[in-house]
Each structure stands twice: as C-alpha cells, then as structure tokens.
Amino acid sequence: IILRHTGEHPYEISGPDALKLLQRIFPRDISKVKKGRCSYQFACYHNGGIITDGLLLRIDENCYWFAQADGDMFSWYKANSEGLDVNINEPNVFVSQIQGPKSMELLDHLIDEQVAKEWNYFDWAEVTMAGEKVIVSRTGFTNELGWEIYISPDNDARKIGDLLLEEGEKMGMLLTASPGFRGRRIEAGLLSAGRDFTKDRNPFSVGLGKFIDFNKGDFIGREFLLNADKKCLTWGMRVENSFALVDSDIILDGKKIGIVT
C-alpha cells in the first residue's frame with residue numbers, strides 16, 4: 001500500500017445553474033452523474049486544446065466538486081458563468097490517496113461503515129474515520145485498487161493522519177511522492193496534465209475521444225472537435241538498453257516525428 005498527497009484540491013460549483021455551467025465546460029454529459037458517484041472529466045478551449053482534467057463528484061442535487069490537475073479552472077468557470085445562477089468556491093478541501101492491493105482491507109479497518117466491501121469503482125461515500133466524517137472515493141491515479149480521502153477544514157487532519165499512518169504502517173504502507181508511483185501511472189497509460197496533453201493537443205490526439213459526447217448539446221470546443229482529426233497520435237514506447245528522456249525529440253531518418261511525454 002502507498003499513501004500519497006495528490007496536491008489537488010477541488011473547486012465547488014453549486015446553485016440552480018450548476019449543471020448548466022458544467023455542461024458548458026465539459027464535453028461529457030454531466031447529467032448522467034448521480035449523487036454518490038464520480039466521473040472523469042476534462043475541459044477544452046474553443047480550439048479543442050485541453051485545459052486540464054480531473055475527477056468530478058456530485059455532492060448533492062445542485063452541488064459538485066471538481067478535483068483538478070494543473071490548470072486555471074477557477075477563472076474558466078467565472079468567465080463562462082455570466083448570466084447563470086451559480087456559485088464557484090474553493091472549499092479548502094485537500095485530497096490524499098491510498099493505493100494498492102491491500103487498500104480496501106485498510107479502509108475497512110479504519111471506518112465504521114461497510115463501504116469498502118460494497119462500493120463500486122468511482123463511487124464516493126461519507127464515512128466515519130477516527131470519529132470524523134470524511135468523504136472517500138473509490139478512485140486513484142495508479143490504475144490500482146485504491147481510494148482517495150477528502151479532508152475538509154472541519155476535520156481534525158492530524159487525528160485522521162495519525163490514524164492512517166499508524167494503521168497503515170502495520171500493513172507495510174509506504175509514504176510516496178510523485179516519482180514513487182509515476183512508473184505505475186505510465187505503465188497504466190494514465191495521462192498527466194501539462195505533460196501528456198496540453199493546450200496544443202486535442203482529446204482525440206491523446207486517446208480521450210471516447211469521453212466526448214456530441215449528442216448532449218453544446219459545449220466549449222464542440223464545433224472544433226466535430227471537425228477535428230479523430231486519429232490518436234499517442235502511443236506507449238519501449239526503449240531497449242536505455243530510457244526515454246522527457247521532451248526528447250523522436251527522430252526517424254533525420255526527421256522529427258514526435259516527442260517523448
């Protein structure tokens with residue numbers, strides 16, 4: 001098991017027009033996301049370039065959290081919310097993730113509820129841990145069994161953290177930073193914002209075209225993406241007897257044909 005602080009924090013989008021704004025921002029159909037569920041989402045500019053991606057949680061009927069990777073989504077929400085009855089706030093919630101084959105065994109030991117034995121991938125639930133009410137989601141950035149915990153300002157973060165470390169240590173849990181699980185992410189083909197996709201690459205070129213729902217109605221970038229080249233231009237690469245340096249050019253017969261991401 002590993003414990004890693006993701007460095008991510010969600011913005012909260014709420015109010016009567018929250019769904020309308022999110023339908024405008026994201027290419028996937030947000031109306032399909034039910035309370036208690038999460039959804040992978042990414043946002044595009046008008047020219048199809050990707051701003052960032054992240055995890056959307058439907059907290060209530062008119063309240064959503066979007067835990068994002070790098071990218072200025074707050075300004076994007078504000079810029080596209082004119083005329084809508086919607087609130088965009090930073091709830092000061094921070095996310096950490098516990099990943100690995102024994103992660104659900106640990107969670108079941110930490111909480112009072114039976115969630116760890118019952119929930120499905122991309123579910124979220126409010127649970128009791130160390131006497132504190134916290135939200136956990138059946139998600140992670142490793143493509144491994146795991147869960148993420150959302151610590152709010154109302155929580156005693158030290159109390160929860162001490163319990164996590166104490167009980168996790170008994171199961172061999174390791175504290176890791178980004179390099180510690182980057183290899184696992186790359187093996188799984190999980191994309192990194194600002195590295196594997198950028199404002200200059202559209203979703204189709206990085207293999208995310210399956211997450212675009214053109215039938216849901218209008219959204220930012222729709223017109224461009226309808227007419228964009230639908231071919232994926234991103235592949236895994238094997239390097240024999242060496243390793244690939246990020247941002248290195250890929251040269252074939254003296255011609256640049258790609259770049260290492």
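Structure shown above.
Residues numbered from 1 in each chain as written. Predicted model: local features only at pLDDT ≥ 70, side-chain atom pairs only at ≥ 80, totals over all residues. Heavy atoms only, no water.

Right, let's get into the overall build of the protein. Along its length, the protein carries 7 helices and 13 strands. Its C-alpha atoms give the protein a radius of gyration of 20 Å, within 12% of the compact-globule value 18 Å for 261 residues. Judged by the C-alpha coordinates and their principal axes, the protein covers about 60 × 55 × 30 Å. The burial tally for the protein puts 49% of its 261 residues in the buried class. Of the contacts made within the protein by residues no fewer than 6 positions apart, 62% connect residues no fewer than 24 positions apart. (Helix = DSSP H or I, 4+ residues; strand = E, 2+ residues; numbered from the N terminus. Rg over C-alpha atoms; globule rule 2.2 N^0.38 Å. Buried < 20%, exposed > 50% of the residue type's maximum accessible area, 1.4 Å probe, protein only. Contact = heavy atoms within 4.5 Å.)

In this section: the pattern of salt bridges. One pass over the full model with this rule turns up 12 salt bridges. Here Lys170 makes a salt bridge to Glu167, at a shortest N to O gap of 3.1 Å. Residue Lys170 and its partner Glu167 are located together in helix 5 (residues 157-170), separated by 3 residues, close to a single helical turn. In this structure Lys170 comes out as exposed when scored by relative accessible area, which is 60%. Put simply, Asp229 and Lys231 hold a salt bridge, and the shortest N to O gap is 2.9 Å. Note on Asp229: relative accessible area 45%, which makes it partly exposed. (Salt bridge = Lys/Arg side-chain N within 4 Å of Asp/Glu carboxyl O.)

Next up on the list: the sheet that holds strand 8 (residues 124-129). The pairing of strands in a sheet happens through backbone hydrogen bonds and is either parallel or antiparallel. Taken in spatial order, the 6 strands make up an open sheet running 8-9-10-7-1-11, and their pairing is mixed. If you trace the sheet from one side to the other, it starts and ends with strand 8 and strand 11 (174-175), each paired once. Set on the sheet, helix 5 makes contact with strand 1 (2-5), strand 7 (94-99), strand 8, strand 9 (132-137), strand 10 (146-151) and strand 11; between it and strand 10 the angle comes to about 160 degrees. (Pairing = 2+ DSSP bridges. Axes fitted to C-alpha atoms, helices over the stretch in contact; angles between N-to-C directions.)

The next point concerns the environment of Gly207. Residue placement: Gly207 occurs in the loop between helix 6 (178-188) and helix 7 (222-226). A relative accessible area of 35% means that Gly207 is categorised as partly exposed. Separated by 42 residues in the primary sequence, Gly207 and Leu165 place their C-alpha atoms 37 Å from one another.

A few words on the nonpolar core. Across soluble globular proteins, you tend to see nonpolar side chains buried next to one another. Grouped together as the largest cluster of nonpolar side chains are 30 residues, with contacts concentrated most on Phe42, Leu57, Tyr150 and Leu208. Listed in part, the 23 residues of the second largest apolar core include Trp119, Met129, Ile149 and Ile151. (Core = buried A, V, L, I, M, F, W, Y, C linked by side-chain atoms within 4.5 Å.)

Another aspect to go through is the sheet that holds strand 4 (residues 50-60). Strand order in the open sheet formed by 5 strands is 3-4-5-2-6, and the pairing between neighbours is antiparallel. Looking at which strands have only one partner, the edges of the open sheet turn out to be strand 3 (38-44) and strand 6 (87-89). Shown here is a sheet whose adjacent strand axes are inclined to one another by a mean of 30 degrees, direction ignored. Bridge count between strand 2 (residues 10-14) and strand 5 (residues 63-68): 5 bridges; the pairing is antiparallel. Its bridge partner being in strand 5, Ser14 is matched across the sheet by Cys63. Contacting strand 2, strand 3, strand 4, strand 5 and strand 6, helix 1 (residues 18-25) crosses the sheet at an angle of about 125 degrees to strand 2.

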